[in-house]
Amino acid sequence: MAAANAMRSLIAARPAPPRTAGSLSWLRRNLFADWKNTLATLLVVAVLVDWLPFVIEWGIVDAVLRPDNAACRALEHAAACWGVIAEKYRLILFGRFPFAEQWRPLVGMVMMVGLLAVSCLPRMWNRWLPVAWVVLFTCFFVLMRGGFAGLSFVETAQWGGLPLTLLLSTLGLGAAFPLSILIALGRRSHLPAVRAFCIGYVELIRGIPLISVLFMASFMFPLFMPPGKTPDVLLRVFVGITLFAAAYLAEAIRGGLQAIPKGQFEAADSLGLTYWQAQRKVVLPQALRMVIPSIMNSFISTFKDTSLVTIVSLYDLTGSLGLALNGDANWRQFYFEGYLFIGLIYWIGCFSMSRYSQWIERRLAADAV
Amino acid sequence: MSDVIISFAKVNKWFGQFHVLRDIDLDVARGERIVICGPSGSGKSTLIRCINRLEEHQEGHLSVDGVELTDDVKAIEKVRREVGMVFQQFNLFPHLTVLENLTLAPTWVGKMPKKEAEERAMAQLERVRIAEQARKYPLQLSGGQQQRVAIARSLCLTPKIMLFDEPTSALDPEMIKEVLDVMIDLAGQGITMLCVTHEMGFARSVADRVIFMDQGQIIEQNSPTEFFANPRSDRTRDFLSKILSH
Ligand SMILES: Nc1ncnc2c1ncn2[C@@H]1O[C@H](COP(=O)(O)OP(=O)(O)OP(=O)(O)O)[C@@H](O)[C@H]1O
Ligand SMILES: [Mg+2]
């Protein structure tokens, strides 16, 4: 009897209390919780009320959509002239690539974006993916260069616009990523020469602006080459971007390597894994996962930094916008709309990368817990 | 057939200026089960970590199953394939499932086909009574379960020698027994074992020899019955009175 009293009966599980649903309670909790919160909400609303009508009128209601130069001029910048995009979009998107042949960069670009999308899925990450990329880049180059089977030859200096931006970004990052892993590992090597080289590399490159790296890659390389032989301008720029991005990526990755507990290395060693096996199978999968946000940050920077190639006369998306407008006195004044247009393209690229980064981080974290 | 599988001859080691192992002489017979104890900082972990070269010694000779441990990478790889190790903090790979943790070394180090490696891994998981957790990730398991997985993982390359560095110290009391049971099973199967532990019950029931270390030296070694009944040095007596008092 005493024992029965001493033992409390178990409490049966009950369902959770209902959540206070309804948009009204949401509003109260999130927008009007106290006077500071309310003030902030009202300020934001006031700004929106003040600006939104103007933006809508300027950008949509009063805007000219037709490529009608006279109508655009008549606006006197009181509203947007989207006609400039309608008139010049092919020059903006494809740069100096011969007009009649612009289906070639279009096809190349679509293939590239397709493979990019496929590569984003973790279940496609196997040994065939790099092979697919090599094949893709080969096809892309062959198609763009032409010079066979009735395709006219187009030299790389004439490639431009969005395909060039995408090419430089993917190829540059594709080469920079493995390179940066080696550099990050090298910075932690126990071989003093390797470590010193990697530290020197990172500190040197990080100390120079990309624009100087590109400039040097373009004008200095040829000086070291035998006379009469200059490496292709695209190749030089590609090398410059790769070396630059690799230095930043290496630092991001090193941060992840440092966070791996010593016990992981010891377990790998005690199982007899070689250095490279341990890095590949144990250390890097954990380290890279930890630094996805910083890696993506570098990717986004590099994607936008490709616009600097204009200084060595390659017309990427930004460069070809200038090309499209500067030479045409009728349309030159509508550069603001032009920049909005390519800004939107860059933004779509960057925003996708940012969302992807969040998704993949959650997706990979779900694996481990 | 009591040939020697591990032999320390005048082994010395320093961490910087700190003399952590001093003139270690120790021969371990094939199949022998040794328990090492001693106060914190006495060099117990360092001693067993020298055996698979997680630490390197600076003086003396250390050979494992006929292979002398030097800077020679091939020798180190050979020794590591024959020596399994279990750590206090388990050190499972958190990004791999339990099964993948077990098959990693056999497929990459042992070049075993994946299917065979998985069959062997499952057999080891049965052995430590945890086969039903094969598809989970380590962090989804309790500490005791994780340690049993770690034991199974180190057994997958069929080592001749097993090293344990305080395998139960990080565990809650109710999980210690499940791990010790697995280790007692293992001890009955003729594998050479060196175990750093303060579980004196375990030492009494399975050890062939108990070694007491202090300040980087082996102070005393004896059969467990003798060791507990008649400790010879004052320091051993002192240590035993501390750990057996509670
Ligand atoms: N990597 C290292 N660098 C410098 N000193 C170290 C290192 N590892 C261990 N030591 C020192 O060497 C001594 C012996 O360490 P060891 O880990 O072998 O002791 P232990 O007997 O296992 O102790 P515990 O019971 O606390 O695990 C300690 O004083 C420790 O501080
Ligand atoms: Mg220790």
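What counts and how
- Residues numbered from 1 in each chain as written.
- Chains lettered and ligands numbered in written order.
- Predicted model: local features only at pLDDT ≥ 70, side-chain atom pairs only at ≥ 80, totals over all residues.
- Heavy atoms only, no water.
- Helix = DSSP H or I, 4+ residues; strand = E, 2+ residues; numbered from the N terminus.
- Rg over C-alpha atoms; globule rule 2.2 N^0.38 Å.
- Buried < 20%, exposed > 50% of the residue type's maximum accessible area, 1.4 Å probe, protein only.
- Contact = heavy atoms within 4.5 Å.
- Areas by Shrake-Rupley, 256 points an atom, 1.4 Å probe, with all protein chains shown as cover.
- Lys, Arg positive; Asp, Glu negative; His and termini not counted.
- Charge placed at Lys NZ, Arg CZ, Asp CG, Glu CD.
- Axes fitted to C-alpha atoms, helices over the stretch in contact; angles between N-to-C directions.
- Parallel < 35°, antiparallel > 145°, perpendicular 65-115°, else oblique.
- Left-handed = near helix turned anticlockwise from the far one by under 90°.
- Pairing = 2+ DSSP bridges.
- Near = heavy atom within 4 Å.
- Polar contact = N/O pair within 3.5 Å; in protein donor to acceptor, adjacent residues only side chain to side chain.
- pLDDT = per-residue confidence, 0-100.
- Disulfide = S-S within 2.5 Å.

Draft legend 1. Summary view of the overall build of chain A. Within chain A one finds 17 helices and one strand. For chain A, whose C-alpha radius of gyration is 28 Å, the value lies well above the compact-globule estimate of 21 Å for 369 residues. Seen through its C-alpha atoms, chain A measures out along the principal axes to roughly 100 × 65 × 40 Å. Taking all 369 residues of chain A together, 41% fall into the buried category. Sequence separation of 24 or more characterises 70% of the internal contacts of chain A that already satisfy a separation of 6 or more. Accessible area for chain A stands at about 21100 Å²; split by element, carbon and sulfur atoms hold 69% of it.

Draft legend 2. Main features of the overall build of chain B. Helices and strands together make up the secondary structure of chain B, namely nine helices and ten strands. Principal axes of the C-alpha set define a box for chain B whose edges measure 55 × 45 × 40 Å. Residues classed as buried in chain B amount to 57% of the 246 residues present. Charge separation in chain B, taken as the distance between the mean sites of 30 positive and 34 negative side-chain charges, equals 3 Å.

Draft legend 3. Representation of the packing of helix 5 (residues 83–94) of chain A against helix 16 (residues 317–326) of chain A in the model. All names here are of chain A. Two elements in contact, helix 5 and helix 16, have axes separated by 8 Å at closest approach and are oriented at 130°. Compared by their axis directions, helix 5 and helix 16 come out oblique. When the axes of helix 5 and helix 16 are compared, the crossing they make is right-handed. Across the interface between the two elements, Val84, Lys88, Leu91, Ile92 and Leu93 from helix 5 touch Leu317, Ser320, Leu321, Ala324 and Leu325 from helix 16.

Draft legend 4. Seen up close, the sheet that holds strand 5 (residues 67–68) of chain B. Residues and elements named next belong to chain B. Spatial strand order, 2-1-4-5: four strands in an open sheet with antiparallel pairing. One side of each edge strand has no neighbouring strand; the edge strands of this open sheet are strand 2 (18–29) and strand 5. Direction of pairing for strand 4 (residues 59–64) relative to strand 5: antiparallel, over a ladder of two bridges. Across the sheet, residue Ser63 finds its bridge partner in strand 5, namely Glu68. Its contacts with the sheet place helix 1 (residues 44–51) against strand 1 (4–15), strand 2 and strand 4, and it is angled at close to 125° to strand 1.

Draft legend 5. Structural context of the site of ligand 1. Residue and element names in this part refer to chain B. In the neighbourhood of ligand 1, the contacting residues comprise Phe15, Phe18, Val20, Pro39, Ser40, Gly41, Ser42, Gly43, Lys44, Ser45, Thr46 and Glu166. Here Lys44 contributes a side-chain N or O atom positioned 2.8 Å from an oxygen atom of ligand 1. Measuring from an oxygen atom of ligand 1, one finds a side-chain N or O atom of Glu166 at 3.2 Å. Contact with the protein chains removes 59% of the 630 Å² of surface that ligand 1 exposes when unbound.

Draft legend 6. Highlighting the sheet that holds strand 7 (residues 161–165) of chain B. All names here are of chain B. As summarised here, the arrangement of the six strands in space is 6-7-8-3-9-10, forming an open sheet in which the pairing is mixed. Across the chains shown, the open sheet's two edge strands, defined by having one partner strand only, are strand 6 (83–86) and strand 10 (217–222). Averaged over all adjacent pairs, the angle separating strand axes in this sheet is 20°, with direction ignored. Sheet analysis places strand 3 (residues 33–37) next to strand 8 (residues 192–196), joined by four bridges and oriented parallel. Bridge pairing in strand 8 places Arg33 opposite Met193.

Draft legend 7. The pairing of strand 6 of chain B, seen in detail. Residues and elements named next belong to chain B. Side chains of strand 6 alternate between two faces, with Val83 and Met85 and Gly84 and Val86 buried alike. Judged from the four bridges that link them, strand 6 and strand 7 form a sheet pairing that is parallel. Across the sheet, the residue bridging to Gly84 is Met162, located in strand 7.

Draft legend 8. Structural context of the confidence of the model for chain B. With 99% of its residues at a pLDDT of 70 or more, chain B has an overall mean of 93. Predicted as a complex, the structure gets a pTM of 0.86 and an ipTM equal to 0.93.

Draft legend 9. Region of the structure containing the environment of Ala131(B). Residue and element names in this part refer to chain B. Examined against the element boundaries, Ala131 turns out to sit in the loop between helix 4 (114–127) and helix 5 (143–155). On the accessibility criterion, Ala131 (15% relative accessible area) is buried. For the pair formed by Ala131 and Val149, sequence separation is 18 residues and the distance between their alpha carbons is 9.4 Å. Setting aside residues no more than four positions away along its own chain, Ala131 makes contact with Met122, Leu125 and Glu126.

Draft legend 10. Structural context of the state of the cysteines. Residues and elements named next belong to chain A. This structure, assessed with the given rule, holds one disulfide over all chains. Sulfur-sulfur distance for the disulfide between Cys72 and Cys81 comes to 2.2 Å. Around the S-S axis, the bridge from Cys72 to Cys81 shows a dihedral of about 80° and counts as right-handed. Both residues of the pair, Cys72 and Cys81, belong to the buried class.

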